[in-house]
Amino acid sequence: MEIQAGASGDEAEQDEDERFYTEHRDELLSALRGGCGFSGGEMFNRLEQRGDGGVGIANQGATCYMNSLLQVLFHTPDFRSAIYSFSHDAARHGDEARCIPLQLQRLFARMQLSRARAVSTTGLTDACGMSGHTNEQHDVQELCRVLFDALGRSSVPLRKDIERLYEGRLVQYVRTREPHDGRTYESSRKESVLDLQVPIVGCRTLEEALRKLVEPEELTGDNQWQCDELGTKVDALKGLEFESLPQILHLQLMRFIFDFQSMRRKKLTDNLSI
């Protein structure tokens, strides 16, 4: 392989990556469309096996939070297959450069096919309108929700795939701690969620944190619950229950708490066994 004088190692690897991608473009597009008698994932694996460490994602300044999310999503086979099944239509989805599902599809394809150490996310960040803001850190959970929303608004099949894979249903409830006249009174609200926020303060394991999450809070004394049906305040239990779990349970560990002594947010650095 010839390298032009003055070209850096990273530039040379990017050039090699581009050439490899160009050489396999027809096979790649065929695989994305489900052709050649293979499913997309199987075809990609036959084209080019990734190394043990996989392909990295180049940092644009402060995009490590985004890169970690993209790696998680890429290494989720069902989600990756859903992205590969997307078909761009200029009349419906507009310019290719501004189409988030297409740019994510191309990024995943390069991560699947590339032999370089890292690939660029510039196409995706440009489509997301993040140009000029890649030196700013953002919350990864918020990014995930925004990305899922953008994908769902771009494509009904993608929205259904995301809901099929990640959507769970919770019940937020407040109920009387003791029966009144043989009846337990309750106020509840159901909600659909694509991720679950798990407080981890004081927990040594994820299982302990999840048990703590569903442990009801007691509402007593000055904090009693005003039960409209009984017309009075009563001792109650407040908590959440799972009505249905998704195929993929997406957990967001709440690593930041508010420290009332310093009156600032504090990051938890304790180990948590998974």
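Summarised in this report is the structure supplied together with it. Quick caveat: nothing in here was measured; it's all calculated off a predicted structure.

Most of helix α4 (residues 64–74) is tucked away: eight of the 11 residues are buried. When we look at burial in α4, the residues that qualify are Y65, M66, N67, L69, L70, Q71, L73 and F74. Buried-residue contacts for α4 involve β1 (56–57), α5 (77–84), α7 (100–113), α8 (122–127), α9 (140–154) and α10 (156–166).

Moving on to the packing of aromatic side chains. Evaluated as defined, the whole model comprises six aromatic pairs. Ring geometry for F258 and F260: centres 5.1 Å apart, planes at 80°, overall edge-to-face. Among the aromatic residues, those joined into a cluster by ring pairs are F74, F79, F108, F148 and Y166. The cationic tip of R265 hangs over the ring face of F256; the distance from NZ or CZ to the ring centre is 4.5 Å.

A side chain of one charge can pair with a side chain of the opposite charge when the charged atoms of the two come close. Counting across every chain of the model gives 15 salt bridges. With its nearest N and O atoms 2.8 Å apart, the salt bridge here joins D149 to R153. Here D149 and its partner R153 are both found in helix α9, four residues apart, which amounts to about one turn of the helix. Relative accessible area serves as the criterion here: at 41%, D149 is assigned to the partly exposed category. Under the relative-accessibility criterion, R153 is labelled exposed at 63%. Across the salt bridge formed by E163 and R159, the nearest N and O atoms sit 3.5 Å from each other.

All right, on to unusual backbone geometry then. Despite not being glycine, D181 has its phi angle at roughly 55°, a positive value. Inspection of the secondary structure assignment puts D181 in the loop between β3 (168–176) and β4 (186–193). Residue class for D181 comes out exposed when judged on its relative accessible area of 80%. Positive phi outside glycine occurs at M263, with the angle close to 60°. Assignment of secondary structure puts M263 in the loop between β11 (256–259) and β12 (264–267).

Looking now at the packing of α7 against α9. Where α7 contacts α9, the axes come no closer than 9 Å and their chain directions differ by 115°. Overall, the two elements α7 and α9 adopt an arrangement that is roughly perpendicular. Residue-level contacts link I100, P101 and L104 of α7 to L147, A150, L151 and S154 of α9. Looking at the contact of α7 with α9 residue by residue, the classes come out as six nonpolar, one polar and no charged.

This paragraph deals with the sheet that holds strand β6 (residues 217–219). Read from one edge of the open sheet, four strands run β4-β3-β9-β6, paired in antiparallel fashion. The open sheet has two free edges, formed respectively by β4 and β6, since each of these has just one partner strand. Adjacent strand axes in the sheet meet at a mean angle of 25°, parallel and antiparallel pairs treated alike. Alignment of β3 against strand β9 (residues 236–244), held across eight bridges, turns out to be antiparallel. When the sheet's bridge partners are listed, R175 is paired in β9 with L237.

Of all hydrophobic cores here, the largest spans 34 residues; its most connected members are L73, F79, L104, F108 and L151. For this core, the secondary-structure elements that each account for two or more residues are α4, α5, α7, α8, α9 and α10. The residues touching F108, leaving out its near neighbours within four places in the chain, are L70, L73, F74, F79, R80, I83 and Y84. Formed by 11 residues, the second largest nonpolar core is a distinct cluster that contains I200, C203, L213 and L272.

Rules and cut-offs
- Residues numbered from 1 in each chain as written.
- Predicted model: local features only at pLDDT ≥ 70, side-chain atom pairs only at ≥ 80, totals over all residues.
- Heavy atoms only, no water.
- Buried < 20%, exposed > 50% of the residue type's maximum accessible area, 1.4 Å probe, protein only.
- Helix = DSSP H or I, 4+ residues; strand = E, 2+ residues; numbered from the N terminus.
- Contact = heavy atoms within 4.5 Å.
- Phe/Tyr/Trp six-rings, centres within 6.5 Å; stacked < 30°, edge-to-face > 60°.
- Lys NZ or Arg CZ within 6 Å of the ring centre and 35° of its normal.
- Salt bridge = Lys/Arg side-chain N within 4 Å of Asp/Glu carboxyl O.
- Axes fitted to C-alpha atoms, helices over the stretch in contact; angles between N-to-C directions.
- Parallel < 35°, antiparallel > 145°, perpendicular 65-115°, else oblique.
- Nonpolar A, V, L, I, M, F, W, Y, C, P; charged D, E, K, R; others polar.
- Pairing = 2+ DSSP bridges.
- Core = buried A, V, L, I, M, F, W, Y, C linked by side-chain atoms within 4.5 Å.

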